[in-house]
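Spelled out, the chains give:
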Amino acid sequence: MNVLLVSPNIETLPDPVFPLGLAYVAAALRNNNIPYRILDLCFAEDYAASIQSAIDDFHPDVIGLSLRNVDNVSYPNYVTYLPFYRQVISVIREKSNAAIVIGGSAVALVPDLLLYHLDADFGVIGEGETTFVKLIKDLGEYENMQDFTGPRIVRDASGVFQDLDTVSFPERSEFDNRAYLKWGGMGNIQTKRGCPFKCVYCTYPIIEGKRIRMRSPKHIGDEIESMLQDGIDNLFFVDNLFNYPIDHAEAVCQEIITRQLPVRWSCYANPKFVTRQLIELMLAAGCTSVEFGSDAAHEAMLGNLGKNFTVDDLRNASAICGESGMSFCHSLLLGGPGETMDTVRQTVAVISDISPTAVICMIGIRVFPHTRLFHIAIEERVFSPEEDFLKPVFYLSPAIENEILPFVEEFSKKNPTWIFPGMNINMNPGHQRTLRRFGIKGPLWEHLKKGRFGRRG
Ligand code: B12
């Protein structure tokens with residue numbers, strides 16, 4: 001059974017992102033002696049020609065696509081990736097009878113809808129390492145692939161690893177790591193899976209499960225060493241939260257420090273679990289910046305969004321970063337349940353007062369099924385359960401819907417370190433390319449100095 005693994009993620013904002021999930025799946029195929037090849041479309045000049053030649057050269061029996069993003073969750077100028085995925089699959093169908101299997105976070109969020117919309121044969125929900133290998137072996141027992149009835153969603157509970165140290169490192173060798181480092185500014189690595197927190201809109205527990213499973217610092221240190229050998233010296237810890245549990249984060253930093261690994265990195269963090277000791281350890285371990293998923297800086301709004309921290313926690317974490325010399329950024333979500341222009345103004349005032357290196361501010365919240373926000377939106381009759389969730393569907397508090405966009409237009413003129421991805425404000429792909437061409441690494445918001453990026457994308 002020849003398996004072609006395809007990454008059709010060609011989004012380059014805020015950066016091209018290395019397809020870590022597919023690299024994990026590749027390692028699982030390698031371990032099981034299943035012949036496979038990688039086709040990463042991120043830097044392909046002609047995606048259709050690349051697909052056609054991969055099929056001609058390798059004659060795959062199964063083609064696995066890693067679907068990371070459904071859309072860019074940005075309002076009002078959203079981008080949806082589904083038309084491109086459909087094109088990719090239609091080029092595959094023209095050339096090949098291979099079974100098409102889709103996996104990745106997008107599939108976990110809208111499995112059936114995506115499976116039918118994309119005309120795939122199988123959708124794998126959750127961790128792909130064991131589930132996909134089992135599916136390939138099952139398919140191998142059918143002489144004619146068409147006899148295996150699809151379309152079908154596959155979710156195998158045993159596919160969820162309890163001990164992540166038993167999972168092989170992602171197989172990165174067949175990807176263009178240098179291109180990701182150059183144009184994306186970093187590689188990526190995962191220290192844990194799962195999220196126990198209860199943010200009302202959040203999809204992370206759906207994608208990774210609610211229970212946290214951690215890798216040992218030794219296992220992580222070994223992987224960083226192997227990445228360094230491949231020249232990947234700048235990375236992003238893709239954990240939903242790097243700094244929870246705090247003792248695990250400290251142990252990972254300590255491992256990097258003890259081994260003297262020359263690596264620079266960045267991560268997501270929760271303000272509640274920030275201590276001076278942790279931030280100092282992170283700096284000593286090469287961390288250049290942290291991004292707080294703060295969402296709001298207003299007590300009632302933090303409660304409405306299901307956050308587990310207070311405005312004081314936000315101030316405290318920011319002060320520690322500021323005093324220690326750690327670049328930090330707050331991501332905000334304006335327009336959740338209960339938001340008014342007063343709560344928006346208070347959030348904006350507090351965050352401005354904290355003076356972070358940058359702010360990434362989304363307006364409206366993309367709603368996915370099975371989140372609490374989905375139920376709130378149904379109760380408030382914002383939309384019906386029959387809504388088409390493949391389309392970018394946003395919750396935007398009715399109390400701000402008329403005023404928020406003009407407010408942002410005005411506010412952003414005087415605040416160049418505030419990025420509004422949904423309005424293409426203070427992010428500029430031209431400058432992004434220039435900075436990367438000059439070898440700037442890490443998240444570009446770290447370098448967002450007044451006026452440096454220009455206003456519009
Ligand atoms: C870290 C992260 C980022 C970082 C990435 C940094 C970096 N250099 O890596 C940054 C900040 C850059 C980022 C940006 C964006 N992100 Co983001 N990000 C994440 C996050 C937290 C982790 C992703 C990750 O690496 N996971 C670890 C890997 C190992 O897991 P995995 O990919 O899911 O793979 C496993 C399974 O899915 C499966 N699998 C994967 N592929 C395949 C293939 C087959 C065939 C099979 C069978 C199985 C399989 O097996 C894998 C191993 O177990 C996720 C949330 C989450 N928890 O998933 C959001 C997430 C992926 N991001 C999301 C989005 C929307 C974006 C942006 C569009 C946001 C924006 N407007 O800027 C951009 C897009 C960037 C791009 N170029 O694609 C969404 C995507 C879903 C959606 N709503 O459409 C997510 C799910 C968060 C959310 N809001 O729901 N992101």
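Residues numbered from 1 in each chain as written. Predicted model: local features only at pLDDT ≥ 70, side-chain atom pairs only at ≥ 80, totals over all residues.

A short note on the domain arrangement of the chain
Working step 1: Taken domain by domain, the chain holds domain 1 (3-159) and domain 2 (176-450).
Working step 2: Computed from C-alpha atoms alone, the centre-to-centre distance between domain 1 and domain 2 is 27 Å.
Working step 3: Listed by partner, the interface residues are 27 residues for domain 1 and 31 residues for domain 2.
Working step 4: Contributing elements (two or more residues each) for the side of domain 1 that touches domain 2: helix H4 (105-109) and helix H5 (111-118).
Working step 5: Partitioning the side of domain 1 that touches domain 2 into residue classes produces 18 nonpolar, six polar and three charged. (Domains from an automatic or database assignment. Contact = placed C-beta atoms within 7 Å. Helix = DSSP H or I, 4+ residues; strand = E, 2+ residues; numbered from the N terminus. Nonpolar A, V, L, I, M, F, W, Y, C, P; charged D, E, K, R; others polar.)

Points about the site of the ligand
Working step 1: With respect to spatial proximity, 45 residues lie near the ligand, and among them Gly 21, Gly 64, Ser 66, Gly 103 and Gly 128 are the closest.
Working step 2: When residues of the shell around the ligand are traced back to their parent elements, those giving at least two are helix H1 (20-31), strand S3 (62-66), strand S4 (99-103), H4, helix H6 (128-140) and helix H8 (204-208).
Working step 3: Per-element accounting of the shell around the ligand gives the leading share, five residues, to H1.
Working step 4: The class makeup of the residues in the shell around the ligand is 22 nonpolar, 15 polar and eight charged.
Working step 5: Formed jointly, the shell around the ligand draws a minimum of three residues from each of two domains, domain 1 (3-159) and domain 2 (176-450). (Near = placed C-beta within 6 Å.)

Points about the pairing of strand S14 (residues 358-363)
The side chains of a regular strand alternate, residue by residue, between the two faces of the sheet.
Working step 1: Of all six residues in S14, six are buried, a share of seventy percent or more.
Working step 2: Alternating residues of S14 divide into Ala 358, Ile 360 and Met 362 and Val 359, Cys 361 and Ile 363, and every residue in both groups is buried.
Working step 3: Bridge analysis of strand S13 (residues 327-334) against S14 gives six bridges, and the strand direction is parallel. Across the sheet, His 330 pairs through a bridge with Val 359, a residue of S14.
Working step 4: With respect to chirality, the unit in which S13 leads through helix H14 (residues 341-354) into the neighbouring parallel S14 is right-handed.
Working step 5: For S14 and strand S17 (residues 418-419), the ladder comprises two bridges, and the chain directions are parallel. Of the residues in S17, the one forming a bridge with Ile 360 is Ile 419. (Buried ≥ 20, exposed ≤ 12 C-beta atoms within 10 Å, placed from the backbone. Pairing = 2+ DSSP bridges. Right-handed = clockwise from strand over helix to strand, strands pointing away.)

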